Amino acid sequence: MRNVKRLWGVIIAMAICILVLASLLISHAINQSEPRQSPEPEQQGEKKHTRVIAKIGNREITMDELESALARHYGPEQLSQMLDREVIRLEGNESGIKVESAEINRELKRMQQGYESEQQFYDSMQSQLGMSEEEIQEDVSNKLLLEKLATASIHISDTQVDTYIKSHADEFEQETEYNIQQIIVSTKEQATKVIAELAKGESFGILARDRSIDDATNNTGGDLGWIEGDDPFVEAPILEAAKLLKVGEVSKPIPVLQGFAVVLLKSRRDKKNPDLVFIRENVRRELALQQAPPLKDFVAQLRGKWKVSVLDPTLR
């Protein structure tokens, strides 16, 4: 879905602006915390200096110069972002449209796909974009509120959602899980012998306990539990064999790293998707956004409605 890509573009732009604003705020706080001395009468024509923050030979760079440069280069963009957020907030308050914490959490969860953990995601955002967890959540909240406002008058039916999901089945297909047992032995002859004993009615679990050389599973009767078809911790030949078996069927000897495996497929099931409701709502939102005006144009309309004006010509 294109929302994720659009969100990253917003996040990167906002990251730059937030860093600039943070620099200005920190410098202001430092200046405020420094003890003030009684000002001395300035000599006519003498240049006023603030705290010196850097030197290059005899050249001194002051905090005033840095703040002026930041405002000149990034001020208009930062102010624009602040104004956009404010008109979105005002419009949300007037219309009664809100973004619930559950919506924010679901969107964050979607953004975290591909990361090993939630913490890794936030650590990556901090190191790459300099954004804290709170700043990311604020960005997501603002984005969701803007989208809700822009699509408030657009109705997407259940039939439209169903049609979209059906025509993009590869995006929403359910994964299959397999419940399998395995016995790992050193040679193909040993594997063949195990299969023969199973055919005579021997217990798979007992044979796994007594014959399997895989220390990770032999004590549990070779049971791997429920695994997905692309589980990275299970050798691919075992997974591929399991997919071809009928429930209750035993495989032929399968070459693996330790030797040969014998696999029993105990059961299979379609993995339940606990976020099915969210998926449908996300599709509904995406379809509505396709019919809505571009978000940039919508924000421009809000600026006009709330009579936004930039008074300082250097920041326009």
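Our subject is the structure listed above.
Values in this document were obtained by computation on a predicted structure and should not be read as measured data. (Residues numbered from 1 in each chain as written. Predicted model: local features only at pLDDT ≥ 70, side-chain atom pairs only at ≥ 80, totals over all residues. Heavy atoms only, no water.)

1. Topic: the overall build of the chain
Here is step 1 of the chain: Along the backbone of the chain there are 12 helices and 6 strands.
Here is step 2 of the chain: Residues classed as buried in the chain amount to 34% of the 316 residues present.
Here is step 3 of the chain: Long-range contacts, defined as pairs at least 24 residues apart, comprise 72% of the intrachain contacts of the chain with a sequence gap of at least 6.
Here is step 4 of the chain: As presented, the chain carries roughly 20,000 Å² of accessible surface, and 53% of it is formed by carbon and sulfur atoms. (Helix = DSSP H or I, 4+ residues; strand = E, 2+ residues; numbered from the N terminus. Buried < 20%, exposed > 50% of the residue type's maximum accessible area, 1.4 Å probe, protein only. Contact = heavy atoms within 4.5 Å. Areas by Shrake-Rupley, 256 points an atom, 1.4 Å probe, with all protein chains shown as cover.)

2. Regarding helix α9 (residues 204-211)
Here is step 1 of the chain: When we look at burial in α9, the residues that qualify are Phe204, Leu207 and Ala208. End-on, the buried residues of α9 take up no more than an arc of 100°, which puts them together on one face.
Here is step 2 of the chain: The inward-facing, buried residues of α9 abut β3 (176-185), α8 (188-199) and β6 (259-270).
Here is step 3 of the chain: Capping the start of α9, Ser203 holds a side-chain oxygen 3.3 Å from the backbone nitrogen of Gly205, two or three residues further along. (Arc of directions from axis to C-beta. Polar contact = N/O pair within 3.5 Å; in protein donor to acceptor, adjacent residues only side chain to side chain.)

3. Side note on the packing of aromatic side chains
Here is step 1 of the chain: For the coordinates displayed, the defined rule picks out 2 aromatic pairs.
Here is step 2 of the chain: Pairwise contacts between aromatic rings join Tyr115, Phe121 and Tyr122 into one cluster.
Here is step 3 of the chain: The ring of Trp226 carries the charged tip of Arg269 above its face, separated from the ring centre by 3.9 Å. (Phe/Tyr/Trp six-rings, centres within 6.5 Å; stacked < 30°, edge-to-face > 60°. Lys NZ or Arg CZ within 6 Å of the ring centre and 35° of its normal.)

4. As for the side chain of Glu177
Here is step 1 of the chain: Tracing the backbone shows Glu177 in strand β3.
Here is step 2 of the chain: Ignoring any residue separated from it by four or fewer positions in sequence, one finds Glu177 in contact with Trp226, Ile227, Glu228, Ser267, Arg268, Arg269 and Lys271.

5. A word on the pattern of salt bridges
Here is step 1 of the chain: Per the stated rule, a full pass over the model turns up 21 salt bridges.
Here is step 2 of the chain: Ionic pairing is found between Asp139 and Arg85, a salt bridge with its closest N-O pair at 2.0 Å. With Asp139 in helix α5 (residues 133-150) and Arg85 in helix α2 (residues 63-95), this pair connects stretches of sequence that are 54 residues apart. Comparing Asp139 with Arg85 shows no difference in burial state: the two are buried.
Here is step 3 of the chain: In this structure, the salt-bridge partner of Arg285 is Glu107, at a minimum N-O distance of 3.2 Å. Linking Arg285 in helix α11 (residues 276-291) with Glu107 in helix α3 (residues 101-111), this pair joins segments that are 178 residues apart in sequence. Comparing Arg285 with Glu107, the two get one shared label, buried.
Here is step 4 of the chain: Among the charged side chains, a salt-bridge network with shared partners connects Glu107, Arg110, Lys143, Glu147 and Arg285. (Salt bridge = Lys/Arg side-chain N within 4 Å of Asp/Glu carboxyl O.)

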